[in-house]
Each structure stands twice: as C-alpha cells, then as structure tokens.
Amino acid sequence: MTAPYVPQMALYRQWLKETRGLSFADFEAMRRWSVTAIDDFWQSIWDYFDIQSPTPHSAVLAERKMPGAVWFPGAQVNYARQVFRHVAPAHAAGLPALIASGEDGVLSETSWPELRRKVAALALHLKARGVRPGDRVAAYLPNIPETIIAFLATASLGAIWSVCAPDMAAPAVIDRFKQIEPKVLIACDAVSYAGRRHDRQGVVEELRHALPTVQHVILHSEGVASETQLSSILAGHSAEIDAFEPEWLPFDHPLWIVYSSGTTGLPKPIVHSHGGIIVVTLPLGALHNDIGCSYHPNSLGERFHWYSSTGWIMWNCQTNGLLNGTTCCIFDGSPGGSKEKPDWSTLWRFAADAKATFFGAGAAFFANCTKAEIDLAAVGDLARLRALGSTGSPLSADTQGWFNDRFAALSKVNGSAAQEDIWWANISGGTDFAGAFIGGNRELPQTPGIMQCRLLGCAVEAFDEQGRAVIDEVGELVCTEPLPSMPLRFWNDPGDARYRASYFETYPDNFDGSGRGPVWRHGDWLKINPDGACVIYGRSDATINRHGLRMGTSELYSAIEALPEVLDSLVVDLEYLGRDSYMPLFVVLRDGIALDAAMRAKINKAVEAGLSRRFLPNDIFAVAEIPRTLSGKKQELPIKKLLLGHTLEKVINRDAMANPGCLDWYLDFAKAYLSRQAGAA
C-alpha cells in the first residue's frame, strides 16, 4: 500500500452530496457549514461513521452553550463497544489490532480477538473486585499493549480511566491521582528507557500509601506470577470471558480523566465523555488525518503510529485509532537512543519493521532528527509510509522542508509515489478537549511551516485585543461554538469554578456587548491566512510546553521552592515558531547562597525528583526579586512577552506591580537575549 486510493475527506464529501444533497465550492465553504449548521454536521458524522445506540437520541445539541452543552441526549454508547465492532471483519482480513515494540527492536502483535479476550478477562476481574460505573481506575504504566487493554477494560464497565507515565516522579503522580480518589491502581514495578532499567517499586509503594481510597492493586511485573499480576489476569480463558459485552452507557458518561496544568494550583483533572470522544475522534482521525480503516478496500493494510508516552494526550489519540478499525503501532522507550549513544533513527527503524503507513510524533522529535542528520535510507524499508503527522509545538518550515527533501530522494529508490511530495498532517489541539482545532486535509495545498486548515466542526477564530476576529493577523486562538469533546467538567470542581476560569474567563458572557455567551480561549497564538491556512506561534499564556507535554508553572515552583536555599522563583517557556523551545528559570536565593554548579545541580535534581527530566530548565539565573502584581501574583506572562520582543509598555503596568523597580534587570536581560537571537538567525 502506498496511499488510500481516494482521500477520506473526498469520500465524506461525496457521501454528503449523495445522502444530503449538499455541495460546496471548496473546503472552507464546507467548514463554514459545519460550524453554522451544527446539528446537521454532527448528525452527519453520527450517520457517516454508523455510530450505534440501542436507543435514539432526542436531539443533536439540546443546549447550545459553553460550558454545559448537552449532546445527543438519549443515545447510549461505549468506547470499548465501538472498538469491538471491528474484531470480526479486521480479523477475517488477517490484520492485527496492535503492533508493539520497545528499545530491543522486537515486534509483537495483538490480534483483534486476543485484544477482546484480554479486555474481557480484566474487566471481569475488576468487576469481581467491586468496580462499578463511575469508579476511578488509576494506572502508572508505559506505552505497551497492556495499558491499552487496561483502559478498554475500565471503559467497558463504565469506570473512569486515568493514567500517568512511569517517567513521572511520585509527587507529580500523587498530585494528580489523589484528586480523583481511585478505587484500583494498576502499576508497573519497573520501566526501561534510554537503555536503562528504572526500578519503580518505591514509587508504587508511595502511591499505595498516598492513595487511601485504593482497594485493589494490580501489578505489571516480571516477578513471580500471582492472581494480582496483570499478565496472570490477562491469560484468563472462560465461557464468561467469551460472552462478555461492554455496558451501554449514556452519551455523556465519563470515559477518562486527563490532566492539563494551569499556572496556579494542582493539575486540572479534566473529565471527557465516551460519546464526545467517539464522535470527535472519528472525523479528526479519518477525515483530517486521512487514516483509514485497515480492512476497508480503500485503505487496506493501514498501520497508524504516533509516538507518545502515556503522559501525553497523544497516547489517547493513538489508542483512538482502534475506534475506526485501524491497526495501531505503538513504541515504548526513548525515541532518541540513550545519552551515551544517541540514535534518532530508532523510531524510523520501528516504522520500517512495523510497516507503518502513517508516522506521527512531536515537532521536537522531527527537529532533533534534522539536527542529527539521520539517514532515512539506512533505517529499513519505509516504502509503505505515505504520511507524516506533527503536533505538540509549532513545526518549523526548515524541519518540514528537510524531511520533504529526504523522502523525495527515497521515493526515487523505493518507487513510492506518496513520498515524492509527502503529505503532513500537522495538527494543533490540546489535552483540554482531546482533539485538534487546526490540522490537515490531504486535498489541500501544503506549505512547510503552515497548517492547512481549521477543522470541520471547529468554530475557531483569532481574536485581537478587542475580542474581534481577525484574518492575517496574530491573535488569541478561540473557539466560539461548543464541541462534543469539550470537558464535561473538572473533577471535584464545585460550580465549575476552575473550569470556567481556565477557558471562559477572558471572554465571558456578553464580553463584546453583542449578547453572545462565553467563548473558549485556548491559550495559543494563531494567525489565519486569507486562504484559510493557519500558523500557530506558540503559547499565549504561561503554561510550560516541553516536548509536547504541558505542565503548570505551579508544579515546578512547588519542587524548586521546597529547597531551603530558594526563596522565590519564576519560569517562562519561550516556545515560538521556528525556534527551539527555551525555558529560563529565575531564582531568588537566600543571602550567602551562590548560584554555582552545585546549586544548579541541586535545583535540577529537585525538578527531576518532583516532576520529570522533561521539565529541566535550559538556564538558571539568580535575581534579586521576582516581579509580582499588587495582589502577589508572579508576572510570568509579561516577562515571557518581553523575551519574545514585545515592548514594556504593551505588556506590563508598573502601577499594578508590587515591586516595579525589579523590572530594569529583566529589561536588560530581554535586550541581551533578543540580541543573541538576532545574531543567531
């Protein structure tokens, strides 16, 4: 297979014409229809993908508001049921559900019937231990088939799934899981990464002691088999397992809890629904990412890979491929080899061995590959690969162009027509709604560094400082109409106070005097070109985005300021289009403490122990004061804007500051930093 014979978007467009009598002059006209005739569009998605329910829905969008939109009332769904409907036809076509590998390079396959059996075995085990709809199952597991199986087993019962990656330190995991009070913990006692085995028994014990609501622990371990070892449970066979069926659940029944951190307080536990994820994931994956069903003649043999850890929403998006009957290729381990032996061709070898047709990763991964000057011709047979995907941060035109040239050269050798001008599904979305606002369309022209379009169903605009939609100008990315996968709520958030503050505080009810309701502010800088193509310029707020993983600054401060030597701190992440992410940390140290190599190492160790190595700062600077507002809030965003080249007058009001005298140091620092950036350009 080199490419689907017909783009998935073209198939949908033809279906609209045949079944709805709808024709559009171009894609933008179709997108405008999708965000104005909202009920018609989402009903078409329901019908086109043949989403099934034993009971009819009484409306598509019963309440058209944000937050609190009510979608498909009366319908019943289950994520696991949607996956299982593909078991028989995919297996009959001889196609696996999962292809997995790690740093050892050994591939394993999980068949569709085996996937179903293992899910049923674990689901019945959980049910026998008292797990009921609404209970939380927390997992501390890597990106392996067992994690997907555990998720599907949880979802099949109507319990709520939540996972953290095992590269996260115990305090960061506890900050997340303690908020949701899990009934069951599924955890690994070791994980391999970058050529080393990392023991996690100590972390598992900390989790057990810190989570008193946990009544049952299942261990993924290489140790002695037991009835609570995951492998023993998944090995089960019985008539009851064979007969198991996932529960039918209301459309808005909670599916999982994911975490997206703000700048203050604990990580935000975001609750998404079964129905919302299903109905948004299918058009994102199929229509915009052009990832087909593996057993459909038009996309026969499709194999979908998107590199992720379980700590990133792209793990969920990778797993979502199963909803449309697509074989998913998952890799557990370091994408860049070890520190001693860097190797950025690791994932490409996996893609060749797994015969992947679609290869996705974070933009930082592709940038690292270009810096390492990897040789794609030496990694194996990539002839089946027809499309690339990127997200997590802006992908520069230089990086995209570098890969375009390499694949064009490969095509001359392997005869792949798709690689002559390889198509990129560059997407931008978020953990917040487990989807994408901006993305690809295989039928549209592509320009390196630019995303092709706003997605169907996404009423996305760029707002200027007055809250007006602008074209060909950089503005705040907003969404003016509800989406089915927007959060149901935050867990344990009375009155939706944190939820509203996170997305609807900037543009609340009647913010522009027009009478319109609240508008979702996403926290990215966006420019929409006149032709509908888009450019994301990075975060417009103070959230840290390292290698595609977002973390609240408050979590970093908790780790750093626990050190007795550190009185205060401030961090900014200078993620910006076409540049490497740069994260400086500013610290106020106690009198007599010098910021020497030992102190820097101590600060870095605190970050690693409290969060993860992913969030180590690029540089650390000692300062006299951290700029604060009169109410005591750290001035992260103004300092970030200064370092991005904005003038002081536009980013900060000295009269609103508690310590305006400290700004001179930051102004001098910004001038020096920008001068270095200009010299390096």
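Here, every reference points to the structure presented above.
Please read all numbers here as calculations on a predicted model, not as lab measurements.

**Q** How should the overall build of the protein be read in this particular structure?
**A** Regarding its fold elements, the protein presents 22 helices and 32 strands. Against the compact-globule benchmark of 26 Å for 681 residues, the protein has a radius of gyration of 24 Å, which places it among compact chains. Principal-axis analysis of the C-alpha atoms places the extent of the protein at approximately 70 × 65 × 55 Å. When each of the 681 residues of the protein is scored for burial, the buried share is 61%. Considering only residue pairs separated by 6 or more positions, the protein has 70% of its internal contacts joining residues 24 or more positions apart. Positive and negative side-chain charges of the protein, numbering 62 and 75 respectively, have mean locations separated by a distance of 1 Å.

**Q** For this particular structure, what's the right way to read the pattern of salt bridges?
**A** Once their charged atoms are close, side chains differing in charge can pair, the charge on each being opposite to the other. A full pass over the atoms with the stated rule returns 30 salt bridges. Between Asp167 and Arg614 there is a salt bridge whose closest N-O contact spans 2.7 Å. With a gap of 447 residues between them, Asp167 in the loop between β7 (160–164) and α8 (170–180) and Arg614 in the loop between α19 (597–610) and β32 (619–622) connect regions that are remote in the sequence. Across the pair Arg208 and Glu205 runs a salt bridge, and its minimum N-O distance is 3.3 Å. With Arg208 and Glu205 both in helix α9 (residues 201–210) and three residues apart, the pair spans about one turn of that helix. Look at Arg208 and you get partly exposed, because its relative accessible area is 38%. It is possible to trace a salt-bridge network through shared partners that takes in Glu28, Arg31, Arg32, Arg454 and Glu461.

**Q** Is there a simple way to explain the sheet that holds strand β30 (residues 566–571) in this structure?
**A** Sheet strands associate in pairs through backbone hydrogen bonding, adopting either a parallel or an antiparallel arrangement. Read across the sheet, three strands follow the order β30-β31-β32 without closing on themselves; strand pairing throughout is mixed. Because the sheet does not close on itself, it has two edges, and the strands there are β30 and β32. Within this sheet the neighbouring strands show an average axis-to-axis angle of 25°, counted without direction. Relative to β32, strand β31 (residues 584–589) runs parallel, the two sharing four bridges. Bridging across to β32, Phe586 finds its partner in Phe621.

**Q** Help me out: how do you make sense of the packing of aromatic side chains in this one?
**A** Aromatic rings in a pair are described by how distant their centres are and how their planes are angled relative to each other. Tallied over the entire structure, the rule returns 54 aromatic pairs. Ring geometry for Tyr12 and Trp15: centres 6.3 Å apart, planes at 15°, overall stacked. Within this pair, Tyr12 and its partner Trp15 are both found in helix α1 (residues 8–20), separated by three residues, close to a single helical turn. Accessibility expressed as a relative area gives 18% for Trp15, which makes it buried. A cation sits over an aromatic face here: Lys634 above Tyr557, 3.4 Å from the ring centre.

**Q** Whenever I open this one, the pairing of strand β8 (residues 184–188) confuses me. Can you help?
**A** Two faces belong to every sheet, and in a regular strand the side chains alternate between them. The element β8 is extensively covered by neighbouring structure, given that five of its five residues are classed as buried. Alternating positions in β8 separate into two faces, Val184, Ile186 and Cys188 on one and Leu185 and Ala187 on the other, with burial throughout. Bridge analysis of strand β6 (residues 136–140) against β8 gives four bridges, and the strand direction is parallel. Residue Val137 lies in a different strand from β8, and its bridge partner there is Val184. Examined bridge by bridge, β8 and strand β11 (residues 216–220) share five bridges and lie parallel to one another. Each bridged residue has a counterpart across the sheet, and for Ile186 the counterpart in β11 is Ile218.

**Q** Teacher, can you tell me more about the packing of helix α6 (residues 112–128) against helix α7 (residues 145–157) here?
**A** A pair of packed helices is captured by two measures, namely the crossing angle of their axes and the spacing between those axes. Following both chains from N to C, one finds α6 and α7 inclined at 60°, their axes separated by 8 Å at the closest point. By the angle between their axes, α6 is oblique relative to α7. Along this stretch, α6 crosses α7, giving a crossing that reads as right-handed. Taking contact as the criterion, the partners of Leu115, Lys118, Val119, Leu122, Ala123, Leu126 and Lys127 in α6 are, on α7, Ile149, Ala150, Leu152, Ala153, Thr154, Ser156 and Leu157. Classifying every residue of the contact of α6 with α7 gives ten nonpolar, two polar and two charged.

**Q** Teacher, can you tell me more about helix α2 (residues 27–36) here?
**A** The α-helix winds at 3.6 residues per turn, so residues separated by three or four positions along the chain end up facing the same way. With eight of ten residues buried, α2 lies mostly within the body of the structure. Every buried residue of α2 is listed here: Phe27, Glu28, Ala29, Met30, Arg31, Trp33, Ser34 and Val35. Check the buried side of α2 and you find it contacts α1, α3 (38–48), α12 (274–288), β22 (453–454) and β23 (460–463). If you check the start of α2, you find a side-chain oxygen 3.4 Å away from the backbone N of Glu28, and it comes from Asp26.

**Q** I would appreciate a short explanation of the sheet that holds strand β24 (residues 474–479) in the present structure.
**A** Taken in spatial order, the four strands of this open sheet run β23-β24-β26-β27, and their pairing is antiparallel. A strand with exactly one partner marks an edge of an open sheet, and here the two such strands are β23 and β27 (534–539). Across the sheet, the mean angle from the axis of one strand to that of its neighbour is 45°, orientation sign disregarded. Of the strand pairs in this sheet, strand β26 (residues 520–528) and β27 are connected by five bridges, and their pairing is antiparallel. Paired with Ile528 across the bridge in β27 is Cys534.

**Q** What exactly am I supposed to notice about the environment of Leu526 here?
**A** Mapping Leu526 onto the fold places it in strand β26. Residue classification places Leu526 among the buried residues on the basis of a relative accessible area of 0%. In the structure, Leu526 is positioned 131 residues away from Met657 in sequence and 29 Å away in space, judged by C-alpha atoms. Those residues within four positions of Leu526 in sequence are excluded, and the remaining contacts are Ile438, Val460, Glu461, Ala462, Glu473, Val474, Gly475, Leu477, Cys534, Val535 and Ile536.

**Q** Honestly, the environment of Gln179 in this entry has me stumped. Any pointers?
**A** Along the chain, Gln179 turns up in helix α8. The exposure class assigned to Gln179 is buried, which follows from its relative accessible area of 16%. Ignoring any residue separated from it by four or fewer positions in sequence, one finds Gln179 in contact with Leu266, Pro267, Pro269, Trp491 and Arg498. Here Pro267 takes part through its backbone oxygen, which lies 2.9 Å from a polar atom of the side chain of Gln179.

**Q** What exactly am I supposed to notice about the packing of helix α15 (residues 363–371) against helix α16 (residues 397–414) here?
**A** Packing of α15 against α16 brings their axes to within 9 Å, and their N-to-C directions diverge by 65°. For α15 against α16, the interelement crossing comes out left-handed. For the pair α15 and α16, the contacting residues are Phe366, Ala367, Cys369 and Thr370 in the first and Thr399, Trp402 and Phe403 in the second.

Scoring rules and cut-offs
- Residues numbered from 1 in each chain as written.
- Predicted model: local features only at pLDDT ≥ 70, side-chain atom pairs only at ≥ 80, totals over all residues.
- Heavy atoms only, no water.
- Helix = DSSP H or I, 4+ residues; strand = E, 2+ residues; numbered from the N terminus.
- Rg over C-alpha atoms; globule rule 2.2 N^0.38 Å.
- Buried < 20%, exposed > 50% of the residue type's maximum accessible area, 1.4 Å probe, protein only.
- Contact = heavy atoms within 4.5 Å.
- Lys, Arg positive; Asp, Glu negative; His and termini not counted.
- Charge placed at Lys NZ, Arg CZ, Asp CG, Glu CD.
- Salt bridge = Lys/Arg side-chain N within 4 Å of Asp/Glu carboxyl O.
- Pairing = 2+ DSSP bridges.
- Axes fitted to C-alpha atoms, helices over the stretch in contact; angles between N-to-C directions.
- Phe/Tyr/Trp six-rings, centres within 6.5 Å; stacked < 30°, edge-to-face > 60°.
- Lys NZ or Arg CZ within 6 Å of the ring centre and 35° of its normal.
- Parallel < 35°, antiparallel > 145°, perpendicular 65-115°, else oblique.
- Left-handed = near helix turned anticlockwise from the far one by under 90°.
- Nonpolar A, V, L, I, M, F, W, Y, C, P; charged D, E, K, R; others polar.
- Polar contact = N/O pair within 3.5 Å; in protein donor to acceptor, adjacent residues only side chain to side chain.

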